[in-house]
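Working through the structure, step by step
Residue-level listing of the chains:
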Amino acid sequence: MNNKIYKVGIIGVTGYAGLELFRLLKTHPFIKINKISSESFKGIPLSQVYPNLKDISDMICESSEEVIKNCDVIFAALPAGLCEDFAKTCYEQDKLFIDLGADFRLEDEEDYKQWYGGTYKNKDIHKKAVYGLPELFREEIKGKKLIANPGCYTTATELALSPALKNNLIDTRFIVADCKSGATGAGRKLSDTTHFAKLNEGCSAYKVGVHRHIPEIEQVLSKVANSDITVTFVPHLLSVNRGILASCYAKLNDNVTKEDVLSAYHKFYDDEYFVRLYDDGRCVDIHDVKYSNYCDISVHIDERTRTLVVISAIDNMVKGSAGQAIQNMNIALGFCENTALQMIPPAF
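These numbers were taken from a predicted model, which means no experiment stands behind them.

**A closer look at the sheet that holds strand β3 (residues 61–62)**
Here we have seven strands laid out as an open sheet, ordered β3-β2-β1-β4-β5-β7-β6, and parallel in their pairing. Edge positions in the sheet fall to β3 and β6 (130–131), since each of these pairs with one other strand and no more.

**A look at the packing of aromatic side chains**
Per the stated rule, a full pass over the model turns up 10 aromatic pairs. Relative to Phe-335, the ring of Tyr-6 has its centre 5.8 Å away and its plane inclined at 85 degrees; by these criteria the two rings are edge-to-face. Of this pair, Tyr-6 sits in strand β1 (residues 6–11) while Phe-335 sits in the segment after α12 (318–333); the two residues are 329 residues apart in sequence, bridging distant segments of the chain. According to the relative accessible area criterion, Phe-335 is buried, its value standing at 5%. Arranged with centres 5.2 Å apart and planes meeting at 20 degrees, the rings of Tyr-112 and Tyr-116 form a pair that is stacked. With Tyr-112 and Tyr-116 both in helix α5 (residues 109–116) and four residues apart, this pair spans about one turn of that helix. Taken as a pair, Tyr-112 and Tyr-116 share a single burial class, namely buried. Three or more aromatic residues joined by ring pairs make a cluster, and in this case those are Tyr-6, Phe-30 and Phe-335. The ring of Phe-137 carries Lys-223 above its face, with NZ or CZ at 5.8 Å from the centroid.

**Let's talk about the pairing of strand β4 (residues 73–76)**
Regular strands show a simple pattern: their side chains alternate between the two faces of the sheet. Of the two faces of β4, the one holding Val-73 and Phe-75 and the one holding Ile-74 and Ala-76 are both buried throughout. Taken together, the four bridges between β1 and β4 define a ladder with parallel strand orientation. Residue Gly-9 lies in a different strand from β4, and its bridge partner there is Ile-74. In this region the chain leaves β4, passes through helix α4 (residues 84–92) and returns to the parallel neighbour strand β5 (residues 96–99); the handedness of that crossover is right-handed.

**Brief notes about α5**
Buried within α5 are the following residues: Glu-109, Tyr-112, Trp-115 and Tyr-116. The buried side chains of α5 occupy one side of the element, clustering within an arc of 135 degrees when seen end-on. The secondary structure elements touched by the buried residues of α5 are α6 (123–126) and α10 (213–225). Phi turns positive, to about 70 degrees, at Gly-117, one or two residues after α5.

Cut-off values and rules
- Residues numbered from 1 in each chain as written.
- Predicted model: local features only at pLDDT ≥ 70, side-chain atom pairs only at ≥ 80, totals over all residues.
- Heavy atoms only, no water.
- Pairing = 2+ DSSP bridges.
- Helix = DSSP H or I, 4+ residues; strand = E, 2+ residues; numbered from the N terminus.
- Phe/Tyr/Trp six-rings, centres within 6.5 Å; stacked < 30°, edge-to-face > 60°.
- Buried < 20%, exposed > 50% of the residue type's maximum accessible area, 1.4 Å probe, protein only.
- Lys NZ or Arg CZ within 6 Å of the ring centre and 35° of its normal.
- Right-handed = clockwise from strand over helix to strand, strands pointing away.
- Arc of directions from axis to C-beta.
- Contact = heavy atoms within 4.5 Å.

Right, here's the structure in full:
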């Protein structure tokens, strides 16, 4: 196992994902948070932006250039369209770059143009990136220098559906992912839908059929199934801070039994540290994964309609973002995969 101490930097530390990275990385025994950056709060101590860090860290937010210059591993928690140049610089300097945004998730530039309105300036660097969902692509992540951290909705949906698609258990012509997210998934920047008066005591769908995570979900599930997969994806905003609940539906193929389904899911996940499988009729709950890197999955079959219902629950800030990024770092650098990620979810 690798026991080297690495100097780590966080670009975009004052966003929700950046702050969660900082919180979790502080417990990692083999890294030192060496530099942090924030364009909005440059020159200001992080503890002034987030008082929960008082007497814990007075690190000053610096420039992105200082982070890259002085660190071995760089995490970028930035909106789409801002990471290409950073990634190229890090790759050329043989530094590990992990992008928590969307700049390297999509393989096809045309998809990126359609869904994000941008282009690939440095096309060659995109060929170096690996998609960082460890439970599906662990071997590809090992030793890589450029990792695209998955989206939160996509993590929950892909983990829920992959065993069924890998084992040809479901009819791929109509797959539905009905997903619900806590408000932190919208990021730190305020919008009309995330005002307290609008969000509190409510639950509403948004971006039905046009959410940016759709091409990412379909790209990964198509790889798993080895055929083109389309998904009807409907996201909802919950009046909670954290959590994603993904309820996924598909018709079972002819002659597929409950035993076939449960066997496939157990074979896929029984050896996965961060996936906890429920097969006894209980439904997963975002309460049970809060502040943790776990993905809880419950498998159900509606015998009357021969519908497979798979429900997954994650903390969107941990397994859906910062925790998974650290899991990817651990794999890429040769650390034990669960290092700094063995948090026990609180019961309440």
